[in-house]
Amino acid sequence: MTAFVRNQWYVAAYAREVGRDLLARTILGEPLVLYRTTEGAPVALADRCVHRRYPLSESRLEGDTIVCGYHGFTYDKGGACVFVPGQTRIPRTARVASYPVVEQDSFIWVWIGDRDLADPALIPRAPWLDDSRYTVVCGMEPLAARYQLLVDNLMDLSHETYLHGGYIGTPEVANTPITTEVDEENAIIHVSRHMADAECPPFYAKSTGIQGRITRWQDIEYHPPCLYLLHSRIAPVGVLPNEDGGDPNGFHVEIVYAITPETENTTLDFWAVARDFALDDEEVTAFLAESNRTVVMQDVVALDLLEKVIANEPEGYQELSINIDTGALAARRILKRMVAESAAAASVRSAQTVPS
């Protein structure tokens, strides 16, 4: 069984997806309906009418209220029922859950856990996605696999050589050792792979125009459980940043994955690629959008298959881990700790609300 970290912010949608049409999303097993008020503020409510459980996402908006499409129960943006058909008295329990929402870095973030702990300052940042100095391509693909499998996949990029050959994978990715640093206090994992002399894969050769071999850096920054950042630097062999930190001759790509558990065995995979070169070149934009979606779909196929294997394997099966798994193993350990802390907090909260 997959366990969730509930007291965390998760990406529910891209900001562009949420408007005056009702949008259904499931986060941590909780069905949500998202929309914007007439003033443009995002709203997230439980996607189930209290009367006969009809999905509010299949209903309609009137101003800032949702009118249930089955019997007309009407809810305001805070989830309170403001109209019941056939009577003037509104039952005290006639309300649906509302969830804290923050719009940041082109994402709509939602908090599913204890709303008293929903501090927007805790949201990890991906500022390149909303920065005029970068051009962004993005998308979202659903996985029929648990979110931990996507974390494992992203923390060990050696699979690029074999699963993504012809797009982003080259022999050097698998053959170059990694360095791993774990910030226990802030729960951030850093995994770096710096290749001094590497083949330039088509993904970068066609987008940067570099001919020949390259210096290629991959610096992972993972904020469990919800946000993965890959700081990618590409330059001709021997071209390094200046001593002052400036890097005018390098090409920089910020790759972002928002990892959102949908259910115990399904995941929403939000991906984005932000580049600081060829900003207005529409051919480069189209190429990177198509190529990265192809890479993502290769992962989707592999992880969906792996989920089926795991679901049918005997209990207690032991897998083998090696040096390249250091970052993924650290992520597993921190996720396990966060899940335990989340469960303990929920238990305390439940005990406090039980009548004496």
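Heads up: these notes are all about the structure in this document. (Residues numbered from 1 in each chain as written. Predicted model: local features only at pLDDT ≥ 70, side-chain atom pairs only at ≥ 80, totals over all residues. Heavy atoms only, no water.)

Points about the sheet that holds strand 4 (residues 42-46)
Right, on to step 1. Strands sit in the order 2-3-4 across an open sheet of three strands; the sheet is antiparallel. Because the sheet does not close on itself, it has two edges, and the strands there are strand 2 (23-27) and strand 4. Here the average twist between neighbouring strands, direction ignored, is 35°. (Pairing = 2+ DSSP bridges. Helix = DSSP H or I, 4+ residues; strand = E, 2+ residues; numbered from the N terminus. Axes fitted to C-alpha atoms, helices over the stretch in contact; angles between N-to-C directions.)

Focus on the nonpolar core
Right, on to step 1. Met155, Tyr222 and Tyr228 are the most contacted members of the largest nonpolar core, which has 104 residues in total.
Right, on to step 2. The element contributing the most residues to this core is helix 6 (residues 326-353), with seven residues.
Right, on to step 3. If sequence neighbours within four positions are ignored, Met155 has contacts with Ile189, Val191, Ile220, Tyr222, Tyr228, Gly327, Ala328 and Ala331. (Core = buried A, V, L, I, M, F, W, Y, C linked by side-chain atoms within 4.5 Å. Buried < 20%, exposed > 50% of the residue type's maximum accessible area, 1.4 Å probe, protein only. Contact = heavy atoms within 4.5 Å.)

What about the packing of aromatic side chains?
Right, on to step 1. Evaluation of the coordinates by the stated rule reveals nine aromatic pairs.
Right, on to step 2. Relative to Tyr204, the ring of Phe203 lies with its centre 5.0 Å away and its plane at 90°, an arrangement referred to as edge-to-face. Take Phe203 and Tyr204: they sit in the same class, and that class is buried.
Right, on to step 3. Grouped by ring-pair contacts, the aromatic residues Tyr14, Phe107, Trp109 and Phe270 constitute a single cluster.
Right, on to step 4. Over the ring of Tyr14 we find Arg16; its NZ or CZ atom is 4.7 Å from the centre of that ring.
Right, on to step 5. Its end group placed over the ring of Trp217, Arg233 keeps NZ or CZ at 4.9 Å from the ring centre. (Phe/Tyr/Trp six-rings, centres within 6.5 Å; stacked < 30°, edge-to-face > 60°. Lys NZ or Arg CZ within 6 Å of the ring centre and 35° of its normal.)

A look at the environment of Gly78
Right, on to step 1. Tracing the chain through its elements places Gly78 in the loop between strand 7 (74-75) and strand 8 (81-83).
Right, on to step 2. Taking the C-alpha atoms as reference, Gly78 lies 19 Å from Ile27; in sequence the two are 51 residues apart.
Right, on to step 3. Beyond its immediate chain neighbours, meaning those up to four positions away, Gly78 contacts Leu45, Arg95, Val96 and Ser98.

Focus on the pairing of strand 2
Right, on to step 1. The alternating pattern of strand 2 places Leu23, Arg25 and Ile27 on a buried face and Ala24 and Thr26 on a face that is not buried.
Right, on to step 2. Pairing geometry for strand 2 and strand 3 (residues 30-36), over five bridges, is antiparallel. Within strand 3, the residue paired with Ala24 across the bridge is Val33.
Right, on to step 3. Where strand 2 folds back onto strand 3 in an antiparallel hairpin, the turn is made up of two residues, including Leu28, whose phi is positive at roughly 55°.

Digging into unusual backbone geometry
A negative phi angle is the norm for most residues apart from glycine, just as the trans form is the norm for most peptide bonds.
Right, on to step 1. Between Pro224 and the following residue, Pro225, the backbone shows a cis peptide bond with an omega angle of 0°.
Right, on to step 2. Non-glycine residue Ala278 carries a positive phi angle of around 45°.
Right, on to step 3. Inspection of the secondary structure puts Ala278 in the loop between strand 17 (266-275) and helix 5 (282-311).
Right, on to step 4. The class of Ala278 is partly exposed, set by a relative accessible area of 32%.

Overview of helix 5
Right, on to step 1. Compared with an ideal rise of 1.5 Å per residue, which puts 30 residues at 44 Å, helix 5 spans 43 Å between its outermost C-alpha atoms and is within 8% of the ideal.
Right, on to step 2. When helix 5 is considered as a whole, its buried residues turn out to be Val284, Leu288, Ser291, Asn292, Val295, Val296, Asp299, Val300, Leu303, Asp304 and Glu307.
Right, on to step 3. Looking at the buried side of helix 5, the elements it contacts are strand 11 (135-143), helix 1 (147-155), helix 2 (160-163), helix 4 (202-208), strand 16 (251-263) and strand 17. (Expected span 1.5 Å × (residues − 1).)

These values are about where atoms sit, not about what they do.
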